Amino acid sequence: MKAELIAKIISAHCAGSEADFKTAVEALAADEEKKGNSRVSNLLLSAYQGKKATVIKKPEVSTLEPMGYAAQSAGSIAVAPRDKDSFLELYDIIYPKTSLEDVVLPENQKRLIRQVLKEQNNNAKLAEHHLPPANRMLLCGPPGCGKTMTAFAIAHELNLPMAYVRIDGLVSSYLGQTSVNLRRIFSSVNSQNIVLFLDEFDAIAKKRDDGHEMGELKRVVTALLQNFDNMSSSVFLIAATNHEHLLDPAIWRRFNHVITIDNPGDEQRKTLIRKWLDEYKVEHSVNINKLTDLTAGRSAAQIQELVMSAAKRYVTTDAPVTMDVMIELLIQQMTNNASGAGILDAAAELHEKGVSVRALAKAVGMKHNTLSYQLNKLNGSEEAE
């Protein structure tokens, strides 16, 4: 009897069924009470009630992590569904602390996000006109452009927790299990008012006509579409991908809005550089406009890492950060700290953007005449100044 009840508890936990889990726990406690094990029965019920007591408790601000959110196991919100083979939870519950003001996007994209937020906050009014609020958004763009940060900001502005789907738990090597995991995720969140975030979305939404893909992935896409269509209106779905060209055509129409986030433009880079120099309290004599030009084509994540490196240099040396330091750090980033031809290519690129050979030579630790000769050799016979 006890083994069967324990098996039911485990099955309910893996399936994400709170009602079945509660029933099985209570049945096990009753079985122990019948056998005269009152202490064990009370222990089981107290443990379950203790878990339930944390359902509405949010983490304190002191638990914030560096990425700008508080995280906890999904099990403290509801019984988290798990992959039956790896036993990994299929999503984590997080409480993003990033506001929309923290996100640097073109104004037209921010305007669209604000409109979506207004719709969510006025869903009762929209219902009177038989209009559903937008609750499905696809974010596209290269790595480091701010897709995850934007998703966090939306959840924060909606004042909702986020179910961050774990691809490592979702995608299974066993036939049919990934589709089952998808169904468990959607079944679990459909009863909640929550943001569901599917990062690395192309891993489960690739084109079904791709001859290189096996039938299993095609079944996963079909299952994904079905779950989309049956998703509760209480769920706000956000998906993000670096490879939108790989997505199945049927996926696109399931989203109310698609936002393509590119690497930051001139004004965005300038804003980000100033923001992070101030945020990290860096004493500097950096020409912001010049650094903005030099970082053209860099992602927001790369720019943040550049400023963070400068901030660490300042903290560890107590010397104000100069343009020479920024150029040195930028070359290191552009070359992944390589040497030889990589450095010459980076120096040539920055020289074309107006950095003098003398400044570049200092940054790379090379004699001025040697670097000038190497740049001439790389670019032709025209003398580098």
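Residues numbered from 1 in each chain as written. Predicted model: local features only at pLDDT ≥ 70, side-chain atom pairs only at ≥ 80, totals over all residues. Heavy atoms only, no water.

### Structural notes on the overall build of the protein
- Along the backbone of the protein there are 17 helices and eight strands.
- Burial status across the protein gives 44% buried among its 385 residues.
- A separation of at least 24 residues holds for 69% of the contacts in the protein among residues at least 6 apart in sequence.
- Counting every atom, the protein has about 19800 Å² of accessible surface; 52% of that belongs to carbon and sulfur. (Helix = DSSP H or I, 4+ residues; strand = E, 2+ residues; numbered from the N terminus. Buried < 20%, exposed > 50% of the residue type's maximum accessible area, 1.4 Å probe, protein only. Contact = heavy atoms within 4.5 Å. Areas by Shrake-Rupley, 256 points an atom, 1.4 Å probe, with all protein chains shown as cover.)

### Looking at the packing of aromatic side chains
- Applying the stated criterion to the full structure yields six aromatic pairs.
- Consider the rings of Phe152 and Tyr164, whose centres lie 6.4 Å apart with planes at 65°: the pair is edge-to-face. Of the two residues, Phe152 sits in helix α6 (residues 147–158) while Tyr164 sits in strand β5 (residues 162–165), which places them twelve residues apart along the sequence.
- Look at Tyr164 and you get partly exposed, because its relative accessible area is 21%.
- Between Phe228 and Phe255 the ring centres are 5.6 Å apart and the planes differ by 90°, which places this aromatic pair in the edge-to-face class. One end of the pair, Phe228, is in helix α9 (residues 215–229); the other, Phe255, is in the loop between α10 (249–252) and β8 (257–260), and 27 residues separate them in sequence.
- Put simply, the rings of Phe186, Phe201, Phe228 and Phe255 touch in pairs and so form one group of aromatic residues. (Phe/Tyr/Trp six-rings, centres within 6.5 Å; stacked < 30°, edge-to-face > 60°.)

### Describing the packing of helix α16 (residues 357–364) against helix α17 (residues 368–379)
- One way to put it is that α16 packs onto α17 with a least axis distance of 9 Å and a crossing angle of 110°. Taken together, the axes of α16 and α17 are roughly perpendicular relative to one another. Note on element contacts: α17 touches α16 through His368, Leu371, Ser372 and Leu375, opposite Val357, Arg358, Leu360, Ala361 and Val364. (Axes fitted to C-alpha atoms, helices over the stretch in contact; angles between N-to-C directions. Parallel < 35°, antiparallel > 145°, perpendicular 65-115°, else oblique.)

### Quick notes on the pattern of salt bridges
- By the definition in use, this model includes nine salt bridges.
- Residue Asp92 pairs with Arg166 through a salt bridge whose shortest N-O separation is 3.7 Å. You can see Asp92 sitting in strand β3 (residues 91–96) and its partner Arg166 sitting in the loop between β5 and α7 (167–170), a full 74 residues away along the chain.
- Exposure remark for Arg166: the relative accessible area of 25% places this residue in the partly exposed category.
- Note that Asp324 and Lys362 form a salt bridge whose closest N and O atoms lie 3.0 Å from each other. (Salt bridge = Lys/Arg side-chain N within 4 Å of Asp/Glu carboxyl O.)

### Some points on α17
- Here α17 contains twelve residues, and its C-alpha end-to-end distance of 16 Å stays within 8% of the 16 Å for a straight helix at 1.5 Å per residue.
- When α17 is considered as a whole, its buried residues turn out to be Leu371, Ser372, Leu375 and Asn376. Looking straight down α17, one finds its buried side chains confined to an arc of 140°; they lie on one side. For α17, the exposed residues set more than 90 degrees away from the buried face come down to Asn369, Tyr373 and Lys377. (Expected span 1.5 Å × (residues − 1). Arc of directions from axis to C-beta.)

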